[in-house]
Amino acid sequence: MIWNEKYECMDPQELKNIQLERLRNVVNYVYEKVPFYKNRLNTYGVHWKDIKSLSDIKKLPFTTKEDLRDNYPFGLFARPLNEMKEIHVSSGTTGNPTVVGYTREDIELWMEVMARAIACAGGNPGDMIQIAYGYGLFTGGLGFHYGALKMELTIIPTSSGQTKRQLKLMQDFKPRILACTPSYALYMVDEAKEMGMEPKNSSWEIGIFGAEPWSDSIRKEIEEIWNMTALDVYGLSEIIGPGVAQECSYKDGLHIFWDVFYPEVINPETGEEVKEGEDGELVITTLTKIGMPLLRYRTRDIVSIKYDRCKCGRTSPRISKIKGRTDDMIVVRGINVFPSQIEHVLLGIEGTQPHYQIIVDRKAHSLDELEIWVEVEEKIFSDEVKKLEELQEKIKKEIESVLGIIIKVKLVEPKTIERSMGKAKRVIDKRQL
Ligand code: DLL
């Protein structure tokens, strides 16, 4: 079903008129309400009246994660603290965490976009959903919860963890929808087998997976093992949480809810918009948020965008799966390496498991070293040494040909690499940069 046909299927020209009006309003609103934006807009010499067409968005300054950190904790709030009904915090690796505040209107917006997302993935009112994203400061659990409430689903709020109980509830209650990170969907496979369950007989028909990068090969893997349709959901706390974009059953990109989240894709170095279909950094302007609206927020996520109409009837543009981040790119001996490139190779090689870790190190006075730990299937590990060596060599060769640098590969036994119930940590950078 389409949750909000009016907006999701609106003629793009008509929608653009609404976007323009909303854009002008939000620029005026943040100018009046957020001193940070007042200063910034003054510095850029731009006023809401200068926004005469959507392409004038280019005149506006970008907002970055550093801006949020510098104004920690509440400096970007546009409403007084007592109007904020909920505050979420996104963990960062360094410095202050990023804080986001939601007014009642913002929570309603979140419910709306998450209801759209669940419907877009094939959910219907009355379905049962198991929400195995973490509940708490992370936006995954509560975001799904709000959308499911709005859609009138029956919610099992398991949160992540306690996997055996999670699986028992699935067996006994028979939820149709599972929402969790793709890593957790894989993690649960081993536990299910240990419990003597046959994953293929799971009650889940639809999985809504996101919060971390995952490839089409992982999708195939999850779909086969659990016998379900696996769809991608994208979002980030700064904008709202999950519910920024969602894949439909055609699996041809993620529909971005652009009547409320205005997308641009830019060259991260120059800031200029890239052509349709080209890779670049996704930048989002919130058009209707009240508590903490953001102008041209740099997500650091690399995507491409396309504007042609999808077979499902929605008229919104679709972003590709997230291809990487401008900041999780590792530079090893001057070469840019994305974990997704390595994952892609591994998934094409028979005998390996979708569990891997990338270790970057620099010994004193020597060059950076890239080592990849790959789990291999039980049966291969018990094979003769020669077979293992051949596999190791094959992986090494294939990855080297993609990356163009010499690497090391270590094959490890099943279940050696730490599993994640939330977002997986793929890269361990031991260099002191
Ligand atoms: O991860 C919100 C979310 C929860 C999305 C549940 C989907 C499902 P943050 O913790 O702020 O918010 O992390 C946001 O996670 O900028 C991306 O780099 C990454 N990310 C989110 N969804 C996807 C996805 C939530 N589908 C950051 N594919 C984003 C790849 C994703 N990366």
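Structure shown above.
Residues numbered from 1 in each chain as written. Predicted model: local features only at pLDDT ≥ 70, side-chain atom pairs only at ≥ 80, totals over all residues. Heavy atoms only, no water.

### Remarks on the overall build of the chain
The following threshold applies: The helix count covers DSSP runs of H or I at least four residues long, the strand count covers runs of E at least two residues long, and both are numbered beginning at the N terminus. Radius of gyration here is computed from C-alpha atoms only, and the compact-globule reference equals 2.2 Å multiplied by the residue count raised to the power 0.38. Residue contacts are counted whenever heavy atoms from the two residues lie within 4.5 Å of one another. The Shrake-Rupley method, run with a 1.4 Å probe sphere, supplies the accessible areas, and residue values consider only the shown protein chains as cover. Working convention for charge: Lys and Arg count positive, Asp and Glu count negative, and His plus the chain ends are omitted. Charged side chains are reduced to one point each, which is NZ for Lys, CZ for Arg, CG for Asp and CD for Glu.
Broken down by element type, the chain carries twelve helices and 21 strands. Its C-alpha radius of gyration of 22 Å places the chain within 12% of the 22 Å reference for a compact globule of 433 residues. Taken over the C-alpha atoms alone, the chain extends approximately 75 × 60 × 40 Å along its principal axes. Long-range pairs, those at least 24 residues apart, make up 66% of the contacts in the chain with a sequence separation of at least 6. Counting every atom, the chain has about 19,400 Å² of accessible surface; 49% of that belongs to carbon and sulfur. When the 59 positive and 66 negative side-chain charges of the chain are each reduced to one mean point, those points stand 2 Å apart.

### Overview of the packing of aromatic side chains
Keep this limit in mind: Pairing of aromatic rings covers Phe, Tyr and the six-membered ring of Trp, with a centre-to-centre limit of 6.5 Å; geometry is then stacked below 30 degrees between planes, edge-to-face above 60, and tilted otherwise. Partly exposed residues are those whose accessible area sits between 20% and 50% of the maximum for their type, while under 20% is buried and over 50% is exposed, using a 1.4 Å probe and protein chains only.
By the definition in use, this model includes nine aromatic pairs. On the numbers, 5.0 Å between centres and 25° between planes, the contact of Tyr133 with Phe144 is stacked. With Tyr133 in the loop between strand S3 (128-131) and helix H6 (139-150) and Phe144 in helix H6, the pair connects residues that are eleven residues apart, well separated along the chain. On the basis of an interplanar angle of 55° and a centroid distance of 6.3 Å, the ring pair of Trp258 and Tyr307 is categorised as tilted. Separated by 49 residues along the polypeptide, Trp258 in the loop between strand S9 (254-256) and strand S10 (261-266) and Tyr307 in the loop between strand S13 (305-306) and strand S14 (318-319) bring together distant segments of the chain. By relative accessible area, Tyr307 is classed as partly exposed at 35%.

### Side note on the sheet that holds strand S21 (residues 427-429)
Rules: Note on pairing: DSSP must find at least two bridges between two strands before they are called paired. Only C-alpha atoms enter the line fits that serve as axes; for helices the fit covers just the stretch in contact. Angles between N-to-C directions range over 0 to 180 degrees.
With mixed pairing, the four strands of this open sheet are ordered in space as S20-S19-S18-S21. For this open sheet the edge positions go to strand S20 (408-412) and S21, each flanked by a neighbour on one side alone. Looking at each pair of strands side by side, their axes are set apart by 20° on average, direction ignored. Note: strand S19 (residues 368-376) against S20, five bridges, orientation parallel. The partner of Ile372 across the bridge, within S20, is Val409.

### With respect to the sheet that holds S13
Across the sheet, nine strands lie side by side as S4-S3-S5-S6-S7-S8-S9-S14-S13; this open sheet has mixed pairing. With partners counted over all chains shown, the strands left at the sheet margins are strand S4 (154-156) and S13, one partner each. Where strand S8 (residues 241-247) and S9 come together, three bridges link them in antiparallel fashion. Counted as the bridge partner of Ala245 is Ile256 from S9. Against the sheet, helix H9 (residues 216-226) engages strand S6 (206-210), strand S7 (229-236) and S8, with an angle of about 130° to S7.

### Observations concerning the pairing of strand S11 (residues 280-286)
Counted residue by residue, S11 has seven buried out of seven residues, so it is predominantly covered. Looking at chain direction, S10 and S11 are connected through six bridges and run antiparallel. Bridged to Pro263 within S11 is Ile284. Pairing analysis gives four bridges linking S11 to strand S12 (residues 297-303), with the strands arranged antiparallel. By the bridge assignment, Glu281 is partnered in S12 with Ile302.

### Considering the site of the ligand
Going by this rule: If even one non-hydrogen atom of a residue comes within 4 Å of a molecule or strand, that residue is called near it. Polar contact is the term for a pair of N or O atoms within 3.5 Å; when the atoms are in protein, one must be able to donate a hydrogen and the other to accept it, and sequence-neighboring residues count only if both atoms are side-chain atoms. Lys, Arg, Asp and Glu make up the charged group, whereas Ala, Val, Leu, Ile, Met, Phe, Trp, Tyr, Cys and Pro make up the nonpolar group; the residues left over, Gly among them, are polar.
As a structural note, the neighbourhood of the ligand is formed by 22 residues, with Asp232, Val233, Ser237, Asp301 and Lys423 the closest of them. At 2.5 Å from an oxygen atom of the ligand is found a side-chain nitrogen or oxygen belonging to Ser237. Protein chains bury 93% of the 610 Å² of accessible surface belonging to the ligand in isolation. Where the shell around the ligand is concerned, the elements lending two or more residues are H6, S7 and S8. At five residues, the largest contribution of residues to the shell around the ligand is made by S7. When grouped by side-chain class, the residues that make up the shell around the ligand number nine nonpolar, seven polar and six charged.

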